[in-house]
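# Per-entry structural report
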Amino acid sequence: MNLLPGGFKHGFREAREILSGLSVLGADSLVEQGINQTFALVMKDYDDFLATKLNPCPAAKTPPQDAGTALR
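Overview of the structure. As the structure is a computational prediction, the values presented were derived from the model and not from experiment.

### Some thoughts on the packing of aromatic side chains
- Following the criterion strictly, the structure yields 3 aromatic pairs and no others.
- Ring geometry for Phe-8 and Phe-39: centres 5.5 Å apart, planes at 20 degrees, overall stacked. In this pair, Phe-8 is assigned in helix H1 (residues 3-21) and Phe-39 in helix H2 (residues 30-54), connecting sequence segments 31 residues apart.
- Pairing Phe-12 with Phe-39 gives two aromatic rings, centres 4.5 Å apart and planes at 40 degrees, and the pair type is tilted. Taken together, the residues Phe-12 in helix H1 and Phe-39 in helix H2 connect sequence positions 27 residues apart.
- Judged by relative accessible area, Phe-12 falls into the buried class, the value being 17%.
- Grouped by ring-pair contacts, the aromatic residues Phe-8, Phe-12 and Phe-39 constitute a single cluster.

Right, here's the structure in full:
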């Protein structure tokens, strides 16, 4: 299950190196702020996704519907 965040982090590091080489990163850089915010949001959403899959809320489970009644 660690492949997704591992791959994302690897790609993020590579992109950061490229952007650093282009001299578009820095403390006041909007690019830096944007990629940091994106990284934080993606990791939070991934953690939230895993939490719902590993610890599903019992109230969220609904009984399966009969195919015939689902169309009515």
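### Here's the deal with the pattern of salt bridges
- Enumeration according to the criterion identifies 2 salt bridges in this entry.
- Glu-32 is paired through a salt bridge with Arg-16; the nearest N and O atoms lie 3.1 Å apart. Taken together, the positions of Glu-32 in helix H2 and Arg-16 in helix H1 put the pair 16 residues apart, joining distant regions of the chain.
- Of the charged contacts in the structure, one is a salt bridge between Lys-44 and Asp-48, with a shortest N-O distance of 2.6 Å. Placement of the pair is Lys-44 and Asp-48 together in helix H2, with a separation of 4 residues, close to one helical turn.
- For Lys-44, a relative accessible area of 46% puts it in the partly exposed group.
- Residue classification places Asp-48 among the partly exposed positions, given a relative accessible area of 36%.

What counts and how
- Residues numbered from 1 in each chain as written.
- Predicted model: local features only at pLDDT ≥ 70, side-chain atom pairs only at ≥ 80, totals over all residues.
- Heavy atoms only, no water.
- Phe/Tyr/Trp six-rings, centres within 6.5 Å; stacked < 30°, edge-to-face > 60°.
- Helix = DSSP H or I, 4+ residues; strand = E, 2+ residues; numbered from the N terminus.
- Buried < 20%, exposed > 50% of the residue type's maximum accessible area, 1.4 Å probe, protein only.
- Salt bridge = Lys/Arg side-chain N within 4 Å of Asp/Glu carboxyl O.

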